[in-house]
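What follows is the residue order along each chain.
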Amino acid sequence: MDEQVGTLAETLVEADGVTVLTGADVGATSGVPTLGGDGSARCDELDPKMFGIDRFETDPAGFWEDGLELDALYDDSADPADAHRALARLEELDVVDAVLTENTDGLHADAGTRRLVELHGDASQSACVECGRSVPTADALDRVRSGESPPHCSEPGCHGHLKPDAVLNGEDLSESAYGAARRMAWESDVLLVVGSSLSVEPVATLPEEAAERGTLVILGEERTEKDHLAEYVVRGDADELLPELVEAMQGRMPRREDRGQAREATRVR
Ligand SMILES: [Zn+2]
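Reading guide: rules and limits
- Residues numbered from 1 in each chain as written.
- Predicted model: local features only at pLDDT ≥ 70, side-chain atom pairs only at ≥ 80, totals over all residues.
- Heavy atoms only, no water.
- Buried < 20%, exposed > 50% of the residue type's maximum accessible area, 1.4 Å probe, protein only.
- Helix = DSSP H or I, 4+ residues; strand = E, 2+ residues; numbered from the N terminus.
- Arc of directions from axis to C-beta.
- Core = buried A, V, L, I, M, F, W, Y, C linked by side-chain atoms within 4.5 Å.
- Contact = heavy atoms within 4.5 Å.
- Donors = N, O, S within 2.8 Å, 3.2 Å for Na, K, Ca; no water.
- Tetrahedral: all angles 85-135°; square planar, octahedral: opposite > 155°, others 65-115°.
- Phe/Tyr/Trp six-rings, centres within 6.5 Å; stacked < 30°, edge-to-face > 60°.
- Lys NZ or Arg CZ within 6 Å of the ring centre and 35° of its normal.
- Pairing = 2+ DSSP bridges.
- Axes fitted to C-alpha atoms, helices over the stretch in contact; angles between N-to-C directions.

By the naming in an unreviewed UniProt entry, the protein goes by NAD-dependent deacetylase and is assigned to Halogeometricum limi.

Listed below in structure tokens is the structure:
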């Protein structure tokens, strides 16, 4: 076993609660491109201004037509990666209390994570800007492809159009999602950051708060802007290290019935 993983396992066994914050590097092996809140995208050719909130508000038809080129971004057929599955397993083992994610691919939910905050939304769904009625983004894109742009709400009597359920570049996070994320992080004494550059505010504030009142651990391949605040940094690929962590934790946690009631499932975005 990787020595760093052994150290991390010790930290988690002793923790009263563990919240995990994941970023764009989790899911890199799922083939899902990302359009981060800071406009960072894994598909390099993407111009964030084309897909920002300003563009959506001034030119929703153009926004959606250009969105056809981003079909993969809204693809809901991608499978969770090993890191997603490992985090869901760690929740089952009662190691992890909740997952907060900057990703919009819905893959933590697909992998089985039950307490989840999707800070930047879920791009596989779109909602009417007027009444909030939700449809799969794939359906909305089908309508754009057949000439209906922007795609309209199908609620009788509603004249709104659809918007992807992701936080667009230049758009504020939902207060309910950010509030839930802070609450969950407060309930834990360890915040484990996985695969995030921690460069996007206000999410990047969460590790600062965690380091002030508890233990911050950062895991990933790249340096982050908050490494200096971490108790320690685990350098490596989450898709390899997290399954190792699962193995290290099996059988080391008290049985759930000895630790009280299981927490209620919740999904906030
Ligand atoms: Zn509507």
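Enquirer: Quick question: what am I supposed to make of helix H8 (residues 205–213) here?
Expert: Counting along an α-helix, one turn takes 3.6 residues, and residues three or four places apart therefore face a common direction. Buried within H8 are the following residues: Leu 206, Pro 207, Glu 209 and Ala 210. Down the axis of H8, the buried side of the element spans an arc of 160 degrees, and every buried residue falls inside it.

Enquirer: How should the nonpolar core be read in this particular structure?
Expert: Note on soluble globular proteins: their nonpolar side chains tend to be buried together. Among the nonpolar cores identified, the biggest contains 31 residues, and Leu 90, Leu 219, Leu 242 and Leu 245 are the most heavily contacted of them. The element that contributes the greatest number of residues to this core is helix H9 (residues 238–249), accounting for 7 residues. Ignoring anything within four residues of it in the chain, the contact list for Leu 245 reads Val 5, Leu 8, Ala 9, Leu 12 and Leu 90.

Enquirer: Hey, could you run me through the coordination of the zinc ion in this one?
Expert: In an ideal tetrahedron of four donors about a metal, each angle is 109.5 degrees. In an ideal octahedron of six donors, the angles are 90 or 180 degrees. Protein coordination at the zinc ion comes from Cys 128 (SG), Cys 131 (SG), Cys 153 (SG) and Cys 158 (SG), with a distance range of 2.3 to 2.4 Å. Considering all 4 donor atoms around the zinc ion, the spread of angles at the metal, 104 to 119 degrees, places the coordination shape in the tetrahedral class. Within one chain, the residues donating to the zinc ion are spaced in sequence as C-x2-C-x21-C-x4-C. Here Cys 131, found in the loop between strand S4 (121–128) and strand S5 (134–136), pairs with Cys 158, found in the loop between helix H6 (137–145) and strand S6 (162–166); they are 27 residues apart in sequence, far enough to count as distant.

Enquirer: How should the packing of aromatic side chains be read in this particular structure?
Expert: Between two aromatic rings, the relevant description is the distance of the centres plus the angle of the planes. This model, assessed by the stated rule, comprises 2 aromatic pairs. With centroids separated by 5.1 Å and ring planes inclined at 85 degrees, the aromatic side chains of Phe 56 and Phe 63 adopt a geometry described as edge-to-face. In this structure, Phe 56 and Phe 63 share a single accessibility class: buried. Judged by centre distance (6.2 Å) and plane angle (80 degrees), the ring pair of Phe 63 and Trp 64 falls under edge-to-face. For the pair Phe 63 and Trp 64, one class covers both residues: buried. Within the aromatic cluster, the residues linked to one another by ring pairs are Phe 56, Phe 63 and Trp 64. Over the aromatic face of Trp 186 sits the side chain of Arg 213, whose NZ or CZ is 4.3 Å from the ring centroid.

Enquirer: Can you help me understand the sheet that holds strand S3 (residues 115–118) in this one?
Expert: Through backbone hydrogen bonds, the strands of a sheet pair up, either in parallel or in antiparallel fashion. Across the sheet, 7 strands lie side by side as S9-S8-S7-S1-S2-S3-S10; this open sheet has parallel pairing. The open sheet has two edge strands, strand S9 (232–235) and strand S10 (266–268), and neither has a second partner. Across this sheet, the average inter-strand angle for adjacent strands is 15 degrees, counted without regard to direction. Across 5 bridges, the pairing between strand S7 (residues 190–194) and strand S8 (residues 215–220) is parallel. Residue pairing in the sheet places Leu 191 in a bridge with Leu 216 of S8. Across the sheet, helix H1 (residues 3–14) touches strand S1 (18–22), S7, S8 and S9, and the angle it forms with S9 is around 135 degrees. Across the sheet, H9 is in contact with S7, S8 and S9; its angle to S8 comes to roughly 130 degrees.

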